[in-house]
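Structural description and commentary
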Amino acid sequence: MSLTSLIPTGGEFCVLRAQVVDSLIACCDGDSALLYLYLVRKGPSFDEREALRTLGMTRDRYDRAVHTLTSLHLVSTPTETQQKRPDPSAHPPRYTAAEMRARREGDHRFASVCQTAEMVLGRTLTEAQLRTLMNAYEHLGLPADVLIDLLTWLHREKGVVSRRDIEEQAYLWADMGIFTAEAASEFLARREAEKPLMDSMLRALDMAGRDPAPEEYRYLSGFIRQGFDAEAVGLAKERMYARLGKFSWKYLKGILDSWHQKGIHTAAEITAVEPGLRQPQPAPQAKSAPPSNGANLSDWERDWLEEFNAMNKKEGNSHGV
């Protein structure tokens, strides 16, 4: 995210134009004003995850604030393909055994996290497991009470918990802006309430019988918050395979976003607007590439297909195709 106009940032003084201040006052939204001030103060060094932690905002509050500021044309946001989420494959600081031991011995809060993890895992922590906790606590900035809630919830949900489970959920919680016990409680309550509908959506997407991965959870939870049900998601899947010929979460989200903007969320509303869609059918065999015919495609679909084809061409050239 970046400011749409040049404003002096950092240093001893931060300057706001009167027109910007008037817009922030008129919108009557404290989160939006706070986020804008933080963005002005940080300038090029702005980091989304750090903003969530510093401002004490959950992902929902943050996204609403960004939407308001974007609507006021005070900030610009990157496209989804440009946005970066916390990546478990990225290399966090490489904590030494001595550093981790010193933190556990000298920080009673982190020691409590380690003790909870050993109860959950049923064994003394290995160096790799301790490093995962240290990364979540130190690098991601999840407080001890939040990490304890995370570990307790994982144990209750899965029984047998792996280091990978802890790592994936820590990145998800940090990305969702869960940095307080209150935010953790609200998130877990919402997740429990969403579970039946989310399971139905997974069945509609031919993914029944398993829990969604963190990235899948982000998409599904977003669909639920937009007001879609499993049948609507199944219709979106049908259109996705008809247009694209393969599964893509981004493309599926694009379809549902376009329906959300039109104010249609149920199967009856969707089929009334797009009569060619009927009850979801079994997914066809995936094709190697999406259809090249741009007829009857929305503008966003044409842009997406152009990007898709360009990416495939680039990958093909890199492999000597």
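What you see is a predicted model, and the numbers here were worked out from it, not measured in a lab.

In terms of helices and strands, the protein carries 15 helices and two strands. Per-residue burial over the protein gives 43% buried out of 321 residues. For the protein, the proportion of contacts with a sequence separation of at least 24, taken over those separated by at least 6, is 67%. For the protein, the accessible surface area stands at approximately 17,200 Å², while carbon and sulfur atoms represent 52% of it.

Moving on to the packing of helix H11 (residues 214-226) against helix H13 (residues 249-262). As a packed pair, H11 and H13 sit with axes 11 Å apart at the nearest point and diverge in direction by 10°. Between H11 and H13, the angle falls in the class roughly parallel. Here H11 contributes Glu216, Tyr219, Leu220, Phe223 and Gln226 to the contact with H13, which in turn contributes Trp249, Lys250, Leu252, Lys253, Leu256, Asp257 and His260. Here the contact of H11 with H13 is built from residues that sort into six nonpolar, two polar and four charged.

Let us look at the packing of aromatic side chains. Here the structure, examined in full by the defined rule, presents eight aromatic pairs. Between Tyr38 and Phe46, the ring centres sit 6.0 Å apart and the planes meet at 70°, which makes this aromatic pair edge-to-face. Neither residue differs from the other here; Tyr38 and Phe46 are each classed as buried. An angle of 85° between the planes, with centres 5.2 Å apart, marks the rings of Phe247 and Trp249 as edge-to-face. In this structure Trp249 comes out as buried when scored by relative accessible area, which is 14%. Members of the aromatic cluster, connected to one another through ring pairs, are Trp153, Trp173, Phe187 and Tyr217. Sitting over the face of the ring of Tyr217, Arg191 holds its NZ or CZ atom 4.3 Å from the ring centroid.

This part is about the layout of surface pockets. Put simply, the second largest pocket is a space of about 330 Å³. Along the walls of the second largest pocket sit 18 residues, with Trp153, Gln169, Arg191, Asp211 and Pro212 positioned nearest its centre. Those elements that place two or more of their residues in the lining of the second largest pocket are helix H8 (144-158), helix H9 (163-175), helix H10 (181-204) and H11. In terms of residue count, the dominant contributor to the lining of the second largest pocket is H10 (six residues). Looking at the lining of the second largest pocket residue by residue, the class counts come to eight nonpolar, one polar and nine charged.

Among the secondary structure elements, Asp257 is positioned in helix H13. There is a polar contact of 2.7 Å between the side chain of Asp257 and the side chain of Lys253.

What follows is about the confidence of the model for the protein. Looking at the protein as a whole, the pLDDT averages 81, with 77% of positions reaching at least 70. When pLDDT is averaged over each element of the protein, helix H6 (residues 108-121) comes out on top at 96 and strand E1 (residues 2-3) at the bottom at 56. With pLDDT under 50 throughout, residues 280-289 is counted as low confidence; its partners more than four residues away or in other chains account for 17 contacts. Confidence drops under a pLDDT of 50 for residues 317-321, and excluding neighbours within four residues, the segment shows one contact in the predicted structure.

A word on the side chain of Ser221. Along the chain, Ser221 turns up in helix H11. The residues contacting Ser221, other than those within four sequence positions of it, are Arg190, Glu194 and Met198.

Mapped onto the secondary structure, Arg64 falls in helix H4 (residues 59-71). It is 8.4 Å that separates the C-alpha atoms of Arg64 and Asp31, two residues lying 33 residues apart in sequence.

This part covers the state of the cysteines. On inspection of all chains with the given rule, the structure shows zero disulfides. Here Cys28 is not cross-linked by a disulfide; its sulfur's nearest cysteine counterpart is in Cys27, at 6.6 Å. Classification of Cys28 by relative accessible area gives exposed; the value is 68%.

Conventions adopted
Residues numbered from 1 in each chain as written. Predicted model: local features only at pLDDT ≥ 70, side-chain atom pairs only at ≥ 80, totals over all residues. Heavy atoms only, no water. Helix = DSSP H or I, 4+ residues; strand = E, 2+ residues; numbered from the N terminus. Buried < 20%, exposed > 50% of the residue type's maximum accessible area, 1.4 Å probe, protein only. Contact = heavy atoms within 4.5 Å. Areas by Shrake-Rupley, 256 points an atom, 1.4 Å probe, with all protein chains shown as cover. Axes fitted to C-alpha atoms, helices over the stretch in contact; angles between N-to-C directions. Parallel < 35°, antiparallel > 145°, perpendicular 65-115°, else oblique. Nonpolar A, V, L, I, M, F, W, Y, C, P; charged D, E, K, R; others polar. Phe/Tyr/Trp six-rings, centres within 6.5 Å; stacked < 30°, edge-to-face > 60°. Lys NZ or Arg CZ within 6 Å of the ring centre and 35° of its normal. 1 Å grid on protein atoms, 1.4 Å probe; cavity = no way out; pocket = protein on both sides within 12 Å on 5 of 7 lines; lining within 4 Å. Points joined across faces, edges and corners; volume = space filled by probe spheres on them. Polar contact = N/O pair within 3.5 Å; in protein donor to acceptor, adjacent residues only side chain to side chain. pLDDT = per-residue confidence, 0-100. Disulfide = S-S within 2.5 Å.

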